[in-house]
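# Architecture and fold: a report
Okay, here's what each chain looks like letter by letter:
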Amino acid sequence: MCDHQNPPQKKPLPSKESHNRRTVLKLGAGAMALAGLGGFEVVLTSSTAHAAPSIIGDATWGARAATDTITVFNRKPTAILIHHTASPNTTDYSLNQAYQLARSIQTSHLNNGWIDTGQHFTVTRGGYVLEGRHRSLATLQGGTSFVQGTHCPVMNDSAIGIEDEGTYTSVLPPDALWNSLVDLCTYICQQYGLNANNIFGHRDFYDTECPGTQFYGRLPALRRAVASRLNKPLPAYTWPTLKSRTSGNNVRTIQRLLQVRGYSVAVDGTFGTSTVSSVQSFQSAKGLSVDGIVAQQTWEALITTVTPGSSSAAVSAVQNLLSARGYSVSVTGYYGSATASAVKSYQSSRGLTADGTVEKGTWCALVGGVLG
């Protein structure tokens, strides 16, 4: 049974946030008996450059059995997706809390109709790393296969999902969580031959606030930290790959850029059949591979330079992306002084030339791409 038919809905507005990750900690300490605390399952150090982090296996934290067969793909994942649990930012950094969190998440996900915990791994605010879905740890240790998750539509069969305990819309995660996340991402990249530019946020592929605006803004630093550990420099540009059934602000950006190019496509944030058809027509006109997938070549053909004083759907796309990153910008389609101020501030925060001109580097950064 495929359990990714009903994906997490970590939406920006509380009224739309029906997914149970928000209510994970409502189960409370007394709702479940705490399992014994002995016996970390420690990953053995591999022959690669960096020692593996300590990861608490699901048997150790007291996981229930999956309700159906766990699907294992005999291939490597192509990405790592960073999430937040959207639960309270507890100051209980103990191992007890880590165990309780893992069991609470699994209970919530089972109640949601899934076969097991949705994500592959969880990092707590105290810095503990726990296995989520059964068999995720063993396949990671092997380095040649991985488990199908339920953490992001379209990406469930290609990406490792990491949940980070807490809500990071307005604050950053504590150092203990951050340091363990760097260790875990480095190990995952090492085991599967991934580069640090393969690390993305949930919102890059789905219409959600996850992993929170503040945490999302720290993903470039996460990639740099992992790249340094791996001794693999980041490429000049890496764009998120968007395809049918993805959703969110990046899809809205694609739709607006298609409008600029003369295509009649609704800006609904869903990469449906109309958007696929328009992308294919655009690719054909540009002599690109006609696959309906927006990857690097299509992104770089679609984007257009945006400057102060201009008016277009591309300006609306920039304003929408800035708003999603926490800047006070209205989506008007006109590039006025408020937009210029926000663009310059954003460019400065990313180490780009703060001239207010939105060209390739700024576009790539705004859509969650990676700049080397």
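Everything below is about the structure shown above.
Everything numeric in this text was worked out from a predicted model, so none of it was measured.

## Considering the overall build of the chain
The number of helices and strands found in the chain is 12 helices and nine strands. Here the chain holds 372 residues, and the buried ones make up 56% of them. The contacts in the chain between residues at least 6 apart in sequence include a share of 69% that link residues at least 24 apart. On the chain, roughly 14,200 Å² of surface is accessible, and the fraction owed to carbon and sulfur atoms is 48%.

## Describing the environment of Thr91
Inspection of the secondary structure puts Thr91 in the loop between strand E2 (79–84) and helix H2 (95–111). Distance from Thr91 to Pro174, taken between C-alpha atoms, is 9.9 Å for residues 83 residues apart in sequence.

## Here's the deal with the side chain of Gln319
Locating Gln319 in the fold gives a position in helix H10 (residues 313–324). You can call Gln319 buried: its relative accessible area is 0%. In this structure the side chain of Gln319 is engaged in a polar contact, spanning 2.9 Å, whose partner is the backbone nitrogen of Gly333.

## Comments concerning the pairing of strand E6 (residues 159–164)
The buried fraction of E6 is high, at six of six residues. Two strands pair when backbone bridges link them, and E2 and E6 are joined in this way by six bridges, in the parallel orientation. Residue pairing for E6: Leu81 is matched across the bridge by Gly161. As paired elements, strand E3 (residues 121–123) and E6 share three bridges and run parallel to each other. Opposite Thr122, over in E6, you have Glu163 as the bridge partner.

## Let's talk about the environment of Asn197
Looking at the secondary structure, you find Asn197 in the loop between helix H4 (175–192) and strand E7 (199–201). Accessibility expressed as a relative area gives 9% for Asn197, which makes it buried. Excluding residues that lie within four positions of it along the chain, Asn197 makes contacts with Leu234, Pro235, Thr238 and Val370. Side-chain polar atoms of Asn197 contact the side chain of Thr238, separated by 2.9 Å.

## So, unusual backbone geometry
Residue Pro211 is bonded to the preceding Cys210 through a cis peptide linkage, with omega at 10°. Tracing the sequence through the fold places Pro211 in the loop between E7 and helix H5 (213–217). Unusually for a residue other than glycine, Ala86 sits at a positive phi of about 60°. Ala86 sits in the buried class, given a relative accessible area of 4%. With a phi angle near 60°, Asn231 is a residue other than glycine that sits in the positive phi range. Structurally, Asn231 is set in the loop between helix H6 (219–230) and strand E8 (237–238). Residue Asn231 is classed as exposed on the basis of its relative accessible area of 68%.

## Looking at H4
For H4, built from 18 residues, the straight-helix expectation of 26 Å at 1.5 Å per residue is met to within 8% by its first-to-last C-alpha distance of 26 Å. For H4, a buried count of 14 out of 18 residues is recorded, marking the element as mostly surrounded by other parts of the structure. Directly beyond the C-terminal end of H4, a positive phi value near 70° is found at Gly193.

## Points about the packing of aromatic side chains
Considering all chains together, one arrives at seven aromatic pairs under this definition. Here Phe200 and Phe205 contribute two aromatic rings whose centre-to-centre distance is 5.5 Å and whose plane-to-plane angle is 85°, an arrangement assigned as edge-to-face. Judged on exposure class, the residue Phe200 and its partner Phe205 are both buried. Judged by centre distance (5.5 Å) and plane angle (20°), the rings of Trp239 and Trp299 are stacked. Separated by 60 residues along the polypeptide, Trp239 in the loop between E8 and helix H7 (249–260) and Trp299 in helix H9 (residues 296–302) bring together distant segments of the chain.

## Overview of the nonpolar core
If you look at the biggest cluster of nonpolar residues, it comprises 45 residues, and the most contacted ones within it are Ile254, Trp299 and Trp363. Secondary-structure elements contributing two or more residues to this core are E2, H7, helix H8 (273–285), H9, H10, helix H11 (337–349) and helix H12 (360–366). With six residues, H10 is the single largest residue contributor to this core. Excluding residues within four positions of it along the chain, Ile254 makes contact with Leu242, Phe271, Val279, Val294, Trp299 and Leu302. If you look at the next biggest cluster of nonpolar residues, it comprises 37 residues, including Ile82, Phe121, Cys189 and Ala196.

## Examining the sheet that holds E6
The strand order E4-E3-E6-E2-E7 describes an open sheet built from five strands, whose pairing is mixed. The sheet is open, and its two edges are formed by strand E4 (129–131) and E7, each paired on a single side. Each strand of the sheet is rotated relative to its neighbour by a mean of 25°, with strand direction disregarded. For E3 and E4, the ladder comprises three bridges, and the chain directions are antiparallel. The residue of E4 that forms the bridge with Phe121 is Glu131. Together, E2 and E7 form the strand contacts of H6, whose direction differs from that of E7 by roughly 165°.

Scoring rules and cut-offs
- Residues numbered from 1 in each chain as written.
- Predicted model: local features only at pLDDT ≥ 70, side-chain atom pairs only at ≥ 80, totals over all residues.
- Heavy atoms only, no water.
- Helix = DSSP H or I, 4+ residues; strand = E, 2+ residues; numbered from the N terminus.
- Buried < 20%, exposed > 50% of the residue type's maximum accessible area, 1.4 Å probe, protein only.
- Contact = heavy atoms within 4.5 Å.
- Areas by Shrake-Rupley, 256 points an atom, 1.4 Å probe, with all protein chains shown as cover.
- Polar contact = N/O pair within 3.5 Å; in protein donor to acceptor, adjacent residues only side chain to side chain.
- Pairing = 2+ DSSP bridges.
- Expected span 1.5 Å × (residues − 1).
- Phe/Tyr/Trp six-rings, centres within 6.5 Å; stacked < 30°, edge-to-face > 60°.
- Core = buried A, V, L, I, M, F, W, Y, C linked by side-chain atoms within 4.5 Å.
- Axes fitted to C-alpha atoms, helices over the stretch in contact; angles between N-to-C directions.

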